[in-house]
Amino acid sequence: VGCNWFGANWATPTRPGSARCGAEDPRSLDLIIPVIRRLRAEGYHVVATLQYAEYYTYAATLQQHRDFAALREAGAAVVSGSQGHHAQGFDVNEKGFLHYGLGNFFFGDQTFSQGTLQTFVDRHVFYDGRYLGVDLRTAFIVDNAQPVPMSAAERAALLRKLFQVSGY
């Protein structure tokens, strides 16, 4: 499931567009949380994507922490920030995995700093009715749109930074 916390071009009954997270305020999450709860109650492992505000920092904001955690508390096994032009940190506990921002993947027009050249392709592993975890695949964006896997040293440096800003 997914919604657009920040943006425009909202879908209406007669026009396609992005899904709002909230009925009156797209930032309220009152539309997506009941969907997550219902799907979890039906036995699904929910993966929620959130088009959030764009922050050009490795650390997530306090509001990101609150909103992503609310989706995990509602029952999402994975909450992934799809907005990030800048790679951001993560959080994990027994209820699930949060990745606040995957970074650029196809947006070569916003690669003006190290953090906007770094990206993730998260591979989530489910088996026998359980979420087992995530394989964090890292890459650099080159030639304004081509993800190329990081070297071991580049990967280690990025992960050290993100573990640090994520409180691990």
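Values in this document were obtained by computation on a predicted structure and should not be read as measured data. (Residues numbered from 1 in each chain as written. Predicted model: local features only at pLDDT ≥ 70, side-chain atom pairs only at ≥ 80, totals over all residues. Heavy atoms only, no water.)

**Q** Would you mind showing me how to read the state of the cysteines here?
**A** Two cysteines form a disulfide when their sulfur atoms are joined by a covalent bond. By the definition in use, this model includes 1 disulfide. In this model, C3 is linked to C21 through a disulfide, with the two sulfur atoms separated by 1.9 Å. When the S-S torsion is 90 degrees, as for the bridge of C3 with C21, the disulfide is right-handed. With C3 in strand β1 (residues 2–4) and C21 in the loop between β1 and α1 (32–41), this pair connects stretches of sequence that are 18 residues apart. Exposure class is identical for C3 and C21. Each is buried. (Disulfide = S-S within 2.5 Å. Helix = DSSP H or I, 4+ residues; strand = E, 2+ residues; numbered from the N terminus. Buried < 20%, exposed > 50% of the residue type's maximum accessible area, 1.4 Å probe, protein only.)

**Q** So what exactly am I meant to see when it comes to the environment of P34 here?
**A** Locating P34 in the fold gives a position in helix α1. In this structure the C-alpha to C-alpha distance between P34 and A74, which are 40 residues apart in sequence, comes to 7.7 Å.

**Q** Honestly, the nonpolar core in this entry has me stumped. Any pointers?
**A** Within soluble globular proteins, side chains that are nonpolar generally end up buried alongside one another. Counting 21 residues, the largest nonpolar core has L29, I36, L50 and L71 as its most contacted members. When contributions to this core are tallied by element, the ones reaching two or more residues are α1, β2 (46–51), α2 (62–74) and β3 (76–81). Broken down by element, this core gets its largest block of residues, 4 residues, from α1. In terms of nonpolar packing, the next biggest core, distinct from the first, is built from 14 residues, A77, L136, M150 and L158 among them. (Core = buried A, V, L, I, M, F, W, Y, C linked by side-chain atoms within 4.5 Å.)

**Q** What exactly am I supposed to notice about the pairing of strand β7 (residues 130–142) here?
**A** Successive residues of a regular strand alternate their side chains across the two faces of the sheet. Pairing geometry for strand β6 (residues 118–127) and β7, over 10 bridges, is antiparallel. Note on β7: the bridge partner recorded for H124 is V134. The turn linking β6 back onto β7 is made up of 2 residues, and D128 within it adopts a positive phi angle of 50 degrees. The pairing of β7 with strand β8 (residues 146–149) spans 4 bridges and is classified as antiparallel. Bridge pairing in β8 links A139 to P149. (Pairing = 2+ DSSP bridges.)

**Q** Would you mind showing me how to read α1 here?
**A** Each α-helix winds once per 3.6 residues, and so residues spaced three or four apart point in a common direction. When we look at burial in α1, the residues that qualify are I32, I33, I36 and L39. Here the buried residues of α1 occupy an arc of 130 degrees about the axis, which is enough to place them on one side. Residues R37 and A41 are exposed on α1 and point more than 90 degrees away from its buried face. For α1, the secondary structure elements touched by its buried residues are β1, β2, α2 and β3. Looking one or two residues beyond α1, the residue adopting positive phi is G43, at roughly 100 degrees. (Arc of directions from axis to C-beta. Contact = heavy atoms within 4.5 Å.)

**Q** Please explain the pairing of β3 as it appears in this structure.
**A** Across the 6 residues that make up β3, a large majority, 6, are buried. Bridge count between β2 and β3: 5 bridges; the pairing is parallel. By the bridge assignment, T49 is partnered in β3 with S80. Crossover β2 to β3 through α2 is right-handed. Pairing of β3 with strand β5 (residues 96–99) involves 3 bridges; the strand directions are parallel. In the strand pairing of β5, S80 is matched with H99. (Right-handed = clockwise from strand over helix to strand, strands pointing away.)

**Q** Explanation requested: α2 in the structure shown.
**A** Here α2 contains 13 residues, and its C-alpha end-to-end distance of 18 Å stays within 8% of the 18 Å for a straight helix at 1.5 Å per residue. Looking at α2, one finds that the buried residues are Q64, D67, F68, L71, R72 and A74. In this structure, the buried side of α2 is in contact with α1, β2, β3, β4 (90–93) and β5. The positive-phi residue at the C-terminal boundary of α2 is G75, with phi of around 130 degrees. (Expected span 1.5 Å × (residues − 1).)

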